[in-house]
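# Breakdown of the fold
Each chain, letter by letter, is given below.
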Amino acid sequence: MELLHFRYQLLMEIMREPCFDFLRTKRQLGYSVYCQMHSTDDVCGLSVTVRSQRDKFTVEEVKSNISEFLVEFENQLNDLTADQFEGIFL
């Protein structure tokens with residue numbers, strides 16, 4: 001289980017900045033945007049949180065943007081070379 005926990009922590013480290021950049025900076029969905037890992041009873045998961053004003057964006061718009069980010073992020077991970085991966089942490 002420790003390896004899985006480590007993988008989720010690594011994913012969060014890689015995902016944190018692109019998540020903020022896409023949802024907060026580019027889409028300007030809300031001031032508070034973040035992702036985090038959860039581990040309860042050896043079950044790991046992640047969440048993406050966006051605090052937005054109801055009069056600016058509907059819940060569906062926020063959910064759609066989060067889904068779009070996750071698809072784009074998955075594609076970026078799939079295209080990541082070993083050198084780019086190492087460069088993330090240097």
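For the structure, check the block above.
Residues numbered from 1 in each chain as written. Predicted model: local features only at pLDDT ≥ 70, side-chain atom pairs only at ≥ 80, totals over all residues. Heavy atoms only, no water.

### Focus on the packing of aromatic side chains
- The tally for this structure, following the rule as stated, stands at two aromatic pairs.
- Each ring, one from F22 and one from F69, has its centre 5.8 Å from the other, and the planes form 40 degrees; the classification is tilted. One end of the pair, F22, is in helix 1 (residues 2–26); the other, F69, is in helix 2 (residues 59–79), and 47 residues separate them in sequence.
- Relative to F73, the ring of F69 lies with its centre 5.6 Å away and its plane at 25 degrees, an arrangement referred to as stacked. Placement of both F69 and F73 in helix 2 is noted, with a separation of four residues, approximately one turn of the helix.
- By relative accessible area, F73 is classed as buried at 5%.
- An aromatic cluster of at least three residues, connected via ring pairs, comprises F22, F69 and F73. (Phe/Tyr/Trp six-rings, centres within 6.5 Å; stacked < 30°, edge-to-face > 60°. Helix = DSSP H or I, 4+ residues; strand = E, 2+ residues; numbered from the N terminus. Buried < 20%, exposed > 50% of the residue type's maximum accessible area, 1.4 Å probe, protein only.)

### Re the pairing of strand 1 (residues 32–40)
- With nine bridges connecting them, strand 1 and strand 2 (residues 43–51) associate as antiparallel partners. Bridge pairing links C35 to V48 in strand 2.
- The hairpin turn running from strand 1 into strand 2, its antiparallel successor, is two residues long, and D41 in that turn takes a positive phi close to 50 degrees. (Pairing = 2+ DSSP bridges.)

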